[in-house]
Structure formats: C-alpha cells, structure tokens
Amino acid sequence: MSNLVFSSYRDLREKLLSKSLSVESVVSTFLARIEEKARLNAYLSVFKESALARARELDAKLASGKPIGKLFGLPLAVKDNIAIKGEKLTCASRILENFTSVYSATAIERLLAEDAVILGKTNLDEFAMGSSNENSAFGAAKNPINEEYVPGGSSGGSAAAVAADLALVALGSDTGGSVRQPASFCDVVGIKPTYGRVSRYGLVAFGSSFDQIGVLSKTVEDAALALEVIAGEDPMDSTSSDKPVEAYASATFDPKRLRIGVPKEFFADALDKEINAMIRGALEKLQAKGAMLVELSLPHSEYALATYYILATAEASSNLARYDGARYGYRAKGVKDMAEMYVKSRSEGFGREVKRRIMLGTYVLSAGYYDAYYRKAQKVRRLIRDDYLKAFEQVDVIASPTSPVPPFKFGEKMTDPLTMYLADIYTVPMNLAGVPAISVPIGRNAQGLPIGLQLIGNLFAESTVFAVAKLVEESR
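Below is a short write-up of the structure. (Residues numbered from 1 in each chain as written. Predicted model: local features only at pLDDT ≥ 70, side-chain atom pairs only at ≥ 80, totals over all residues. Heavy atoms only, no water.)

1. Quick word on the nonpolar core
Item 1. If you look at the biggest cluster of nonpolar residues, it comprises 148 residues, and the most contacted ones within it are Phe-127, Tyr-388 and Leu-455.
Item 2. By residue number, the principal contributor to this core is helix H9 (residues 304-319), which donates nine residues.
Item 3. Discounting chain neighbours no more than four positions away, the residues touching Leu-455 are Val-397, Ile-398, Ala-399, Pro-436, Ala-437, Ile-438, Val-440, Val-465, Val-468, Ala-469 and Val-472. (Core = buried A, V, L, I, M, F, W, Y, C linked by side-chain atoms within 4.5 Å. Buried < 20%, exposed > 50% of the residue type's maximum accessible area, 1.4 Å probe, protein only. Helix = DSSP H or I, 4+ residues; strand = E, 2+ residues; numbered from the N terminus. Contact = heavy atoms within 4.5 Å.)

2. Observations regarding the packing of aromatic side chains
Note on aromatic pairs: each is described by the distance of the centres and the angle between the planes.
Item 1. Counted according to the given criterion, the structure contains 17 aromatic pairs.
Item 2. The interplanar angle of 40° and the centroid separation of 5.5 Å between the aromatic rings of Phe-99 and Tyr-328 together place this pair among those described as tilted. Here Phe-99, found in the loop between strand E2 (75-79) and helix H4 (106-113), pairs with Tyr-328, found in the loop between H9 and helix H10 (338-349); they are 229 residues apart in sequence, far enough to count as distant.
Item 3. For Phe-99, a relative accessible area of 24% puts it in the partly exposed group.
Item 4. Taking 5.2 Å as the distance between ring centres and 40° as the angle between the ring planes, the aromatic pair formed by Tyr-370 and Tyr-374 counts as tilted. (Phe/Tyr/Trp six-rings, centres within 6.5 Å; stacked < 30°, edge-to-face > 60°.)

3. Looking at the pairing of strand E11 (residues 450-457)
Item 1. Along E11, eight of the eight residues are buried, which leaves the element largely enclosed by surrounding structure.
Item 2. Of the two faces of E11, both are covered, the one formed by Pro-450, Gly-452, Gln-454 and Ile-456 as well as the one formed by Ile-451, Leu-453, Leu-455 and Gly-457.
Item 3. Pairing analysis gives five bridges linking strand E9 (residues 397-401) to E11, with the strands arranged antiparallel. Note that in E11 the partner of Ala-399 across the bridge is Leu-455.
Item 4. Direction of pairing for strand E10 (residues 437-444) relative to E11: antiparallel, over a ladder of seven bridges. (Pairing = 2+ DSSP bridges.)

4. As for the pattern of salt bridges
Item 1. Per the counting criterion, the structure on display carries 23 salt bridges.
Item 2. Notably, a salt bridge pairs Asp-237 with Arg-200, separated by 3.9 Å at the nearest N-O pair. With a gap of 37 residues between them, Asp-237 in the loop between helix H7 (220-230) and strand E7 (259-263) and Arg-200 in the loop between strand E5 (189-192) and strand E6 (212-217) connect regions that are remote in the sequence. Judged on exposure class, the residue Asp-237 and its partner Arg-200 are both buried.
Item 3. One salt-bridge network, in which partners are shared between bridges, spans Asp-187, Arg-444 and Arg-476. (Salt bridge = Lys/Arg side-chain N within 4 Å of Asp/Glu carboxyl O.)

5. Observations regarding a nonpolar patch on the surface
Item 1. Together, Met-338, Tyr-342 and Val-343 make up an exposed nonpolar region whose accessible area comes to about 300 Å².
Item 2. Among the secondary structure elements, Met-338 is positioned in helix H10.
Item 3. Assessed through its relative accessible area of 55%, Met-338 is described here as exposed. (Patch = residues over 30% accessible without salt bridge, like charges linked within 9 Å, V, L, I, M, F, W, Y side chains within 5 Å. Areas by Shrake-Rupley, 256 points an atom, 1.4 Å probe, with all protein chains shown as cover.)

6. Points about helix H15 (residues 462-475)
Item 1. Taking 1.5 Å of rise per residue, the 14 residues of H15 would be expected to cover 20 Å, and the 20 Å separating its terminal C-alpha atoms lies within 8% of that figure.
Item 2. A large share of H15 lies buried, amounting to twelve of its 14 residues.
Item 3. All buried positions along H15 are accounted for by Glu-462, Ser-463, Thr-464, Val-465, Phe-466, Ala-467, Val-468, Ala-469, Lys-470, Leu-471, Val-472 and Ser-475.
Item 4. Those residues of H15 that are buried are in contact with E5, H7, helix H8 (273-288), E9, E10 and E11. (Expected span 1.5 Å × (residues − 1).)

7. Overview of H9
Item 1. Helix length check: H9, at 16 residues, gives a terminal C-alpha distance of 22 Å against a target of 22 Å (1.5 Å per residue), a fit within 8%.
Item 2. Within H9, 14 of the 16 residues are buried, which leaves the element mostly enclosed by the surrounding structure.

8. Remarks on the sheet that holds E5
Item 1. Spatially, E1-E3-E2-E4-E6-E5-E10-E11-E9-E7-E8 is the arrangement adopted by the eleven strands of the open sheet, whose pairing is mixed. What marks the edges here is a single partner per strand, and that holds for strand E1 (43-46) and strand E8 (292-296). With direction set aside, neighbouring strand axes in the sheet form an average angle of 30°. (Axes fitted to C-alpha atoms, helices over the stretch in contact; angles between N-to-C directions.)

9. Re unusual backbone geometry
Item 1. Here Gly-153 and Ser-154 are connected by a cis peptide whose omega angle stands at 5°.
Item 2. Its place among the elements puts Ser-154 in the loop between strand E3 (117-122) and helix H5 (156-163).
Item 3. The backbone phi angle of Ala-92 is positive, close to 55°, even though this residue is not glycine.
Item 4. Its location among the elements puts Ala-92 in the loop between E2 and H4.
Item 5. Backbone geometry at Phe-460 places phi at a positive 60°, although glycine is not the residue there.
Item 6. Within the secondary structure, Phe-460 is located in the loop between E11 and H15.

10. What to know about the packing of helix H11 (residues 352-365) against helix H12 (residues 370-391)
Item 1. Running from N to C, H11 and H12 point in directions that differ by 105°, and their axes come no closer than 7 Å. With respect to each other, H11 and H12 are oriented roughly perpendicular. Along its contact with H11, which presents Tyr-363, Val-364 and Leu-365, the element H12 presents Tyr-370, Tyr-373 and Tyr-374.
Item 2. Split into classes, the residues belonging to the contact of H11 with H12 amount to six nonpolar, no polar and no charged. (Parallel < 35°, antiparallel > 145°, perpendicular 65-115°, else oblique. Nonpolar A, V, L, I, M, F, W, Y, C, P; charged D, E, K, R; others polar.)

11. A short note on the environment of Val-435
Item 1. In this structure, Val-435 sits in the loop between helix H14 (428-433) and E10.
Item 2. Exposure remark for Val-435: the relative accessible area of 0% places this residue in the buried category.
Item 3. For the pair Val-435 and Leu-298, spaced 137 residues apart in the sequence, the C-alpha separation amounts to 14 Å.
Item 4. Those residues in contact with Val-435 that sit more than four places away from it in its chain are Lys-192, Pro-193, Thr-194, Phe-392, Met-430, Ile-456, Gly-457, Asn-458 and Leu-459.

12. Some thoughts on the side chain of Arg-200
Item 1. On the accessibility criterion, Arg-200 (16% relative accessible area) is buried.
Item 2. From its side chain, Arg-200 meets the backbone oxygen of Ser-208 in a polar contact 3.4 Å long.
Item 3. In this structure the side chain of Arg-200 is engaged in a polar contact, spanning 3.1 Å, whose partner is the side chain of Thr-239.
Item 4. Arg-200 has contacts with Tyr-195, Ser-208, Asp-211, Gln-212, Asp-237 and Thr-239, leaving out every residue within four places of it along the chain. (Polar contact = N/O pair within 3.5 Å; in protein donor to acceptor, adjacent residues only side chain to side chain.)

The structure is reproduced here in structure tokens:
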C-alpha cells in the first residue's frame, strides 16, 4: 500500500469519489511513507492520530451523501511557522521548541473547511531565515532528488515532502523566495501570490511587508486549486485584499497572444550556463507555440538584494523583539534580573543566522544610520516596484531563472553568508515589488539536479501566471 502514488489531486479525487479508495487508506499510506522516509527530516511533527480521525470523518461524510469540499481528502503538509490550534508551532527554533498554538491561521481554517487533511508540520530554516534549510534547530531536511544536496529554503521541508510523496500539497511561506527556490531545488511547483492575496493571520512574522503564504505541489493545477481556497480578504489581516478571487485552476491563455518579458539583467554572466541554456530552451518552446519574447530592462535589479536585506532584517529585528523569555517561549534558567533574562533567553534560544539578521536589522534602524540605510532602501524599493509595473505595460509575464545555481551540497555555503544570500538574487525582487511569481520545473542538468523556470505576473494577475505555467508544464 505504501507504493500508492498520485500524479495530482485530480487523480486522487476521482478515486475517492468513486469510492475505489477511502480517505483513511490514503492517509494511512502517506503516514506510512512519512515513517519510511523519516531520514529526510521533512516533518518536524506528524499528526498521526488526528489525521486518521479526520480521514474517518471525511469517509463518513461522503457515505452520508453530504456535499463535500473542493479539497476533499487532500493530504496536506504545513510549514511549521503557520499556526494550527492545539499543535506545536516551533518555527524550527529552540526559542519556541515547546510552544503550542492557541488558534489556527486563516489559511488553515479555509483548507479544513474544504475537507483537506493535515498530515503534519514541515521543517524550515529557523524563523524562515535561510536558503538551504541548514538553519533549522532540529537538523536540515534532505533533498529527495539527491540526499547529499540541500532542499532549498526556507520552505525546504514542504518542498521535500511534496517531492518525496509525503504530502500531495504543502503550504510554505515566501519572504524573499522561500517557496520558489526550494520548489526549484526539489523539482516541484511553488507559487508566491501577490502581497495581500492570502491572509497572514496565523503566519509567524519575519518581514511583515514581504511575507506571503504560498503553495508547493506536483502540478500547476493543484497549486491553483489550493490558492483558490486560501486566497481572499480576511478581517483578521488589514493588509489582505478585497479583490475577488478568480478560478485559478481553470485559467487559460492563448499562446499566440502571449508576450513574455525577458529581462537582460537576469541573464548575465553570473548565471549558471546550463540553467541559462535550459531557461532559453523552455522559452523557445513557448515561442514555437506562438508566444512573443520581448527583451526588456529592469534597471534597478542590481540594487534588489541589498535593498531586501536592509528592509527584511529591519522588520525581522522588530518582529523578533517579542521573543524575550517573559511572555512565552524559551526562558533562560538561573538569571539574577530581567536584563540578564532577556539577554540569556535570546542568546540561547536563537540560532546564528537569526542573531545575524537581528543585529543587521537593529543596526540599520539605529538613530545614526536610519536615513542612510532604511529610509534610502524604502525609496529604492519603490523604484524596483515601478520597474515591474512599467514592464507589465508591455508584457503579460516576465520569465527568469528561479535560482542562479542548481541545488548545492550541505555545508557548501554555510561559512559564507553573502554567497548564500546571492542564492535569492532572482526571487527577492518580486517580494520587494509585491507581485506574484511561480517556479515551474523544466528539467534537470547534466548531474541530474532539478532546474526551475520562474514566471512573474502583474499585481493580482495569478490567473495569467497559472495559465502560462500550465503551458510550460505541457511543453516539458
């Protein structure tokens, strides 16, 4: 039974509705596989009893003839920085190791309302800060394609879970590429929606003006279905948009009318040669279907990484101030006063990368440097956003590599934070601009390592992004 594998949710749903399979048998299969592949460390916690109880409830619901949800019986994994009531919420950090959430994120409530089944919480870089999963306090998840390589970050556990058939769909969060880069590294689909498209209520804050909950899946259609469910306005999140949610899963686009922007800045000499060739090859296939490739310029691209790491660390410094040992989370023992409690709790509870970002953020927000760094970065962010909005006056989507390099081995970049940060060079601009972007698998390089193509859309143009991603998927 543990060999039972589904190509997509559509494939699974047909079998469930025809009653050739029960939800309980499917969930049991996934739970058995999670146990078999525990060495991947994709999950930080597995909800064995509650998932099976939920599956039995759903089987009874189907048998009774009651209406069933859009995601009936979907085996789902959730990144462990998204709240589920009564379950641990660790953010892969020692500081929250024993913290249990008292409420569920809006995205979780919407998925459960449509009859999904949550299998467990997945591994991540601590507080979603990292590009390799190596910053998890509980050990890194491994890449199922090749276990010597990182799965990407920070949603590496979610990407690994989908790639290894330990979940059919997974939720991740994307602050600077944390859904798209691991999707590329693990050969799956990953979508970061427009900022405000999905409620952030129940997502642990890293960079509040960047964070978005995203979806990882095997197929574009599955990602679209899940996003349809979790998207939409939420009174619990004032930054969520009231724009109507479209039928993403059925979105289409005539390739003969399609204009694809190809930014010259994204195909410079620093890009891995094989990735460059594979991206060009994928675009030529779309061109053969009638699409027009339009070379364009995003002139402020060179400033994106520096701008992002100033603003995101500033927001992280502010957001992580709440973890002080006083109200919840880890509290240092044997302290003589409150000041020592703050210092020791944070020193012992946070890992190296989180401390690095808190220090960088505190520095750029300090009185003497605020104008020189933070204020200036906010102005550059606006220029980057304007570059994208101007480009979308001429094109429907913009194409780029997801990552400048293929997956790398464990330990390869850990001693050089700047090299690690450069792994985000093609993903952070979309978080700065707030636009949606998807990573779609397009093949593997000579070493058998996966490569992803990134498609970027205009604000709230998820339907276009999904439609073009489907064309890429079909051309593979």
